[in-house]
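# Remarks on the overall topology
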Amino acid sequence: NSFVTRTNTCGELRAAHVGQKVTLYGWVQYQRQGLFLVLRDFQGLTQVIIPQDEAHSHVKELLSSAPVESVVRVTGTVSPRPLGQENPKMPTGDIEVKAESAEILNSCKKLPFEIKDFTKKSEALRMQYRYLDLRSSRLQSALRLRSRLVMRMREYLCNLHGFVDVETPTLFKRTPGGAKEFLVPSREAGKFYSLPQSPQQFKQLLMVGGLDRYFQVARCYRDEGARPDRQPEFTQIDIEMSFVDQAGIQRLIEGLLQHSWPEERGSIVTPFPSMTYEEALAEYGTDKPDTRFGMKIVDISDVLRGSNIHFVQNALSYPHGSIRAICIPQGVRYLTNKDLESLKESAKSQFNQEIMEVICRPDGSLKSLLTKFLCEKEQSELIQALNLQEGDVVLLAAGEHKQVCSALGALRLLSANLLEAAGLALRDPTAFHFLWVVDFPLFLPKAENPTELESAHHPFTAPHPSDASLLYSDPTKVRSQHYDLVLNGNEVGGGSIRIHSAEQQRFVLEKVLKEDSEVLSHLIEALEFGAPPHGGIALGLDRLISLIVDAPSIRDVIAFPKSFRGRDLMGNAPDYVTPEELEPYHIQVAWPLEEKEAKKN
């Protein structure tokens, strides 16, 4: 309560304060029949008794008529609540304040929605009136936890480990590859700035400049259009170090998270487990596995290799062909036929992958279209390989390894959702399972043109030391020194050891990625002036906080987020500007015909 005119907050009064005269400021959360009201501020709630005697009639009239969510000042005496009227659910439930004087500082007009966490309101309405939504305890709690966590991170990095907090520019130039960037016009005709999708180049240049250890709570920008649960502007904890290897970065991040982790969320155990990209894909069908539950993908190629099932033999005839399956525990009990059909349809529509189901009957026998083609020995081996129990359902897929694993990985998560919706507790919502995923490929075929390559991470990532020679002979086989941090099936961080050789960086850009290295000439030249070996990582702060507080979306942990379509519904941005305002930037808008007509009308 320093620097302000209140004596106490609405959340701190207890029985020990009885008899004290206090002044509270807050919002009227609730008022009942002119008898009492509940006053709320950032810290909690206090019950205020409205005086009924003639001497305080003006106070009664003022507080009884104050609309909900009006801001008021109340001065009064702390009293114990009458016996039997205590409220154990409120931290201030043993006391009440008997009002002696009051003032309405600002009256509230009719609200577009109630300020209650359990009130159902559309997200669009919440974002239009975000300043009202911010009053909810859910958002208040998330933003305060976020603030505390970032402060602890600063303390760990700067005070304990000598990192330097450096602000990098947000007006820069286009970076080749990666996500689309926002363009900012300049007063030089035809020339544009770009808003950086990360401070990647700057943090590497800081290492060339000898800063040794850099970090920043960085604002980043990506023009990704309408993507669910993504934001065009977001925040990351950005880190770079000189003379470090992958293990060093991993130890740093584990220590950082352990130091800053909120006490009320339990403790986290380090070191975090690690698996390779290939292991993650083979066992979970994704590079960001949710390891809170089993249902791993199992390779049953050898079990079925001797069968004369046509589609099995057809799949195994390909160079990367395989037969894999997942076992859904108690699937017979928890999944309907409609659920199973929706799972199969999902694999077909998303991955063009056919799925076969196998059910384990109560007597231990198998029910499937496959069983008539399998001898008893093969059926027994299948049961053993998948550790089948009575009532389990198996989803089986055959085809190219990556496609099969990706389809089953998606079905694994969809099945988990269906099982939990039906009442089976599968994933502990209070558990936090961190995982490092390492040894990613350095390059991947481009989706639109598989004969060309693109960086799996970004073009500054160094090749794995064991694969360095392959970079020049067979780049598709090169593993990278790229590592991702995964939490409960969500990527919350990603980084790499960087290329610090100008010659190697130029080769990757020009020969492998077929990019114009001139765009990055400043960085390549910097690498020629004694650049130290260096590496780093960025943690997605919004995603990390949303998982810690179990928010349904990252929008619920950002004070002023953009909508699903990237719009600010409160301020109505982006917005039109006049031709006169565009003139200094040498820009004219070419309106689509229908918008021209609309503007005329």
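Relevant structure appears above.
Let me begin by describing the structure that accompanies this report. This is a predicted model, so every value here is computed, not measured. (Residues numbered from 1 in each chain as written. Predicted model: local features only at pLDDT ≥ 70, side-chain atom pairs only at ≥ 80, totals over all residues. Heavy atoms only, no water.)

Applying the stated criterion across every chain, the model contains 10 aromatic pairs. Relative to Phe432, the ring of Trp261 lies with its centre 5.0 Å away and its plane at 80°, an arrangement referred to as edge-to-face. You can see Trp261 sitting in the loop between helix H6 (246-260) and strand S11 (274-276) and its partner Phe432 sitting in the loop between helix H13 (401-421) and strand S17 (434-438), a full 171 residues away along the chain. There is no split in this pair, since Trp261 and Phe432 are both buried. With 5.3 Å between their ring centres and 40° between their planes, Tyr277 and Phe440 make a pair best called tilted. Taken together, the positions of Tyr277 in helix H7 (residues 277-284) and Phe440 in the loop between S17 and strand S18 (443-445) put the pair 163 residues apart, joining distant regions of the chain. Of the two residues, Tyr277 and Phe440, neither departs from the other in class, the shared state being buried. (Phe/Tyr/Trp six-rings, centres within 6.5 Å; stacked < 30°, edge-to-face > 60°. Helix = DSSP H or I, 4+ residues; strand = E, 2+ residues; numbered from the N terminus. Buried < 20%, exposed > 50% of the residue type's maximum accessible area, 1.4 Å probe, protein only.)

Attention now goes to the nonpolar core. If you look at the biggest cluster of nonpolar residues, it comprises 40 residues, and the most contacted ones within it are Ile239, Ile253, Leu257, Phe434, Leu485 and Leu539. Mapped by element, the contributors of at least two residues to this core are helix H4 (137-161), strand S10 (233-242), H6, S17, strand S20 (482-487), strand S21 (490-497), strand S22 (534-540) and helix H17 (541-548). For this core, the element with the most residues is H4, which contributes 7 residues. Ignoring any residue separated from it by four or fewer positions in sequence, one finds Leu257 in contact with Met153, Ile268, Phe272, Phe434, Leu485, Leu539 and Leu544. One finds Met295, Ala397, Val404 and Leu424 within the second-largest nonpolar core, a separate group that totals 23 residues. (Core = buried A, V, L, I, M, F, W, Y, C linked by side-chain atoms within 4.5 Å. Contact = heavy atoms within 4.5 Å.)

What follows is about the side chain of Arg146. Along the chain, Arg146 turns up in helix H4. For Arg146, the side chain forms a polar contact with the side chain of Thr235, separated by 3.5 Å. Contact partners of Arg146, with chain neighbours within four places excluded, come to Thr235, Leu541, Asp542, Ile545, Val557 and Ile558. (Polar contact = N/O pair within 3.5 Å; in protein donor to acceptor, adjacent residues only side chain to side chain.)

Contact geometry for H7 and H13: axes closest at 7 Å, N-to-C directions at 60°. By the criterion of interaxial angle, the relationship of H7 to H13 is oblique. Residues Tyr277, Leu281, Ala282 and Tyr284 of H7 form the contact with H13, whose own contacting residues are His401, Lys402, Cys405, Ser406, Gly409 and Arg412. Across the contact of H7 with H13, the residue classes break down as 5 nonpolar, 3 polar and 2 charged. (Axes fitted to C-alpha atoms, helices over the stretch in contact; angles between N-to-C directions. Parallel < 35°, antiparallel > 145°, perpendicular 65-115°, else oblique. Nonpolar A, V, L, I, M, F, W, Y, C, P; charged D, E, K, R; others polar.)

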